[in-house]
Amino acid sequence: MHKRALSSAEPQAFTEPDSNGSSQPPQSKKARIANAFSPTKVATKEAAALVDADPPLVKLLEALNRGAVESSGGRSVVYWMRMADLRGEVRDNRALARASEKAVQDNVPLIVLFVIVPQDYVAHDRSARRIDFTLRNLRSLKERLKELHIPLVVQTCPKRNNVPLFVTEFCEKHGAKALFANHEYEVDELRRDIKVIQGALPKAMQFSLFHDKCVVEPGVVKTKQDKHYTVFSPYYKNWVATLNRDIQRFLEEAPLPQPNPEHILQSQQFSPLFAVEIPPGLDGFELDEEHSSRMQRIWPEGEKIAAKILEHFLTTKAQASRLGAVHPFDSDAEKTDTHSRAAKYHNERDRTDRDTTSRLSLYLSSGVLSTRECIRAILRFNKATKLDTGNSSGGVRWAQEIAWRDFYTNIMTTFPRVSMGRPYQEKFADVVWEAHQDNNGSEANVDSDILKRWKDGMTGVPIVDAAMRCLNHMGWMHNRARMITAMYLTKDLMIDWRVGERYFMENLIDGDLANNNGGWQWCASTGVDPCPYFRIFNPYSQSTKADPTGDYIRHWVPELAKVNGPEIHNPSTTTANKLGYPLPIIPHNEARARALRRFKNPGES
């Protein structure tokens with residue numbers, strides 16, 4: 001989440017190529033799982049430094065090179081699908097394409113495996129909304145793959161430490177000598193895949209991993225001194241140059257998988273795999289019927305839907321009426337070649353009072369739509385064969401958001417401590433935060449009143465409250481609103497960025513560890529290329545820029561629905577009391593002075 005009034009080169013805090021009263025977020029039963037599994041959320045400085053000194057991605061790539069084997073024999077090939085691989089039409093998926101190629105080459109069937117790991121979802125603070133969306137997409141994928149006579153087997157591994165053995169045993173059971181997957185870049189997942197290699201080698205099993213999430217994979221874009229970038233602007237310039245030098249390599253669409261031979265449907269060993277059911281829900285991550293219905297309406301599953309959302313972003317005008325919990329595109333939206341949301345993106349992307357963004361962040365973070373397809377679409381939109389950084393059009397500016405996603409993933413693999421609860425700027429590790437929990441009562445770990453007001457959208461700052469109520473109702477928030485709410489929590493309320501980072505992940509349907517962490521650390525001035533600690537958003541001036549009509553606030557804060565003029569952004573005490581709207585928790589000038597003092601002198605209150 002990061003920053004100020006953006007210039008085109010300014011960091012996109014939460015970096016979505018983008019992203020409606022009030023209701024509370026779903027209350028999951030994750031506590032039941034967490035009681036038996038309580039992962040460490042904040043690593044020690046020493047442990048984090050050790051990981052940074054020997055990044056797991058480097059170790060994994062080295063292990064892949066050392067352990068490379070060409071499989072021979074075997075009765076099947078297994079493609080291990082992950083949470084960011086959910087393309088419903090099975091298009092443009094590198095690992096799936098290569099697994100299919102291997103199966104055809106060896107004249108054996110292809111099996112697709114998806115492993116549900118509840119402890120992973122607890123460790124990564126996955127939202128119930130995201131799990132629901134994942135299961136919906138898996139059902140769609142199962143039907144599509146069945147048309148190709150390819151079974152999708154969804155199984156649950158209760159303990160995350162057992163996943164390497166679980167997967168290799170599945171391969172052994174079904175005679176697979178070749179296992180294919182796309183990279184996952186979180187620390188624990190990289191370590192898990194190293195263990196898979198260690199388990200596969202003694203069995204002479206081929207384990208192949210492919211870079212599929214990013215346009216330009218981590219580690220490729222470096223300085224002339226062979227160092228990793230920690231500032232976005234030079235990274236982006238090099239990212240574009242790298243991409244343009246080899247468009248074919250980075251943007252080539254992976255071929256569709258080939259169908260399995262039809263006789264697999266009668267195979268005594270493999271035909272039962274088609275009958276393996278996908279669970280209707282996951283204990284601890286359930287949505288009630290009303291909430292589930294809402295998520296299906298505003299976040300429909302499937303690659304075809306994602307492709308239509310992208311098409312409408314490129315070809316239709318923004319609509320002021322689409323602020324609420326509505327379908328992601330309107331079939332009746334006015335078509336245009338020159339005034340579409342994409343064409344106007346460079347000027348209007350920060351507007352919260354109109355649907356000026358793509359709302360594709362969910363489909364990108366879950367892999368329902370590939371990032372490569374987004375760049376290919378922008379090139380077609382611009383009638384270009386390469387990206388032109390000198391072109392300031394909306395399409396190019398939107399493509400820069402895709403680069404932000406790559407940048408934060410690169411940061412996470414290069415400096416893995418950022419995903420271990422550590423600040424990138426360790427000099428701010430001792431900043432004094434306000435207590436966010438009230439442990440004086442009979443219950444421990446209860447949110448303080450101030451934190452609860454932020455979560456509930458009752459801070460008395462209209463733009464913050466509108467954004468938080470939107471999050472709680474939709475599981476999504478406009479990128480500019482993410483930045484404003486994050487800056488307000490970390491600078492005005494002086495509450496630890498990790499508290500906000502976790503709340504977002506627990507409620508966002510599009511939550512992505514690298515982007516979410518990068519955004520929060522930007523706003524908290526603790527991350528790479530961060531907003532300087534002395535540059536603190538004034539939420540009221542931000543409100544007038546992001547919501548100039550006030551319609552966003554009126555929609556999400558119905559108490560203020562009849563307030564007109566500038567007061568919509570900062571109601572007077574008289575107006576607030578009359579309408580039953582809360583007064584601000586703290587005056588902004590007072591909060592700003594406190595934040596400046598504490599960041600200038602970490603450790604002092």
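In this text the structure is predicted, and so the values were computed from the model without any measurement.

K.L.:
Got a sec to walk through unusual backbone geometry? Specific residues and values, please.
P.N.:
Of note, D92 is a non-glycine position whose phi angle comes to about 55 degrees, a positive value. As for its placement among the helices and strands, D92 is situated in the loop between β1 (76-81) and α4 (94-106). You can call D92 buried: its relative accessible area is 2%. You will see that M494, though not glycine, has its phi angle at about 55 degrees, which is positive. Judged by its relative accessible area of 0%, M494 falls in the buried class.

K.L.:
Which residues make up the environment of I264, and what are the values?
P.N.:
Tracing the backbone shows I264 in the loop between α10 (247-251) and α11 (289-298). Look at I264 and you get buried, because its relative accessible area is 2%. The sequence separation of I264 and V108 amounts to 156 residues, and the corresponding C-alpha distance is 9.5 Å. Leaving out residues up to four positions away in the same chain, I264 has contacts with P109, H149, P151, F270, S271 and F274.

K.L.:
Which residues make up the pairing of strand β5 (residues 206-210), and what are the values?
P.N.:
Summarising burial for β5: five of the five residues are buried, a large majority. Examined bridge by bridge, strand β4 (residues 176-182) and β5 share five bridges and lie parallel to one another. Bridge pairing in β5 places L179 opposite F207. In this view, the connection linking β4 to its parallel neighbour β5 by way of helix α8 (residues 187-200) has right-handed handedness.

K.L.:
I'd love a proper account of the environment of Q296, names of residues and values included.
P.N.:
With respect to the secondary-structure elements, Q296 resides in helix α11. Assessed through its relative accessible area of 41%, Q296 is described here as partly exposed.

K.L.:
How would you summarise the UniProt feature "site: Electron transfer via tryptophanyl radical" (unreviewed entry) in the protein chain if you had to cite specific residues and measurements?
P.N.:
Taking the UniProt record as the reference, the feature "site: Electron transfer via tryptophanyl radical" (unreviewed entry) is found at W433, W497 and W520. In this fold, W497 is placed in helix α20 (residues 497-507). Overall, the relative accessible area of 1% leaves W497 in the buried class. Contacts of W497, omitting those with residues within four sequence positions, involve G421, R422, P423, W433, T490, N517, W520, Q521, A524 and T526. If you trace the backbone, W520 turns up in helix α21 (residues 513-523). Taking relative accessible area as the criterion, W520 reaches 0% and is therefore assigned buried.

The rules behind these values
Residues numbered from 1 in each chain as written. Predicted model: local features only at pLDDT ≥ 70, side-chain atom pairs only at ≥ 80, totals over all residues. Heavy atoms only, no water. Helix = DSSP H or I, 4+ residues; strand = E, 2+ residues; numbered from the N terminus. Buried < 20%, exposed > 50% of the residue type's maximum accessible area, 1.4 Å probe, protein only. Contact = heavy atoms within 4.5 Å. Pairing = 2+ DSSP bridges. Right-handed = clockwise from strand over helix to strand, strands pointing away. UniProt positions renumbered as here; feature names shortened; annotations may be inferred.

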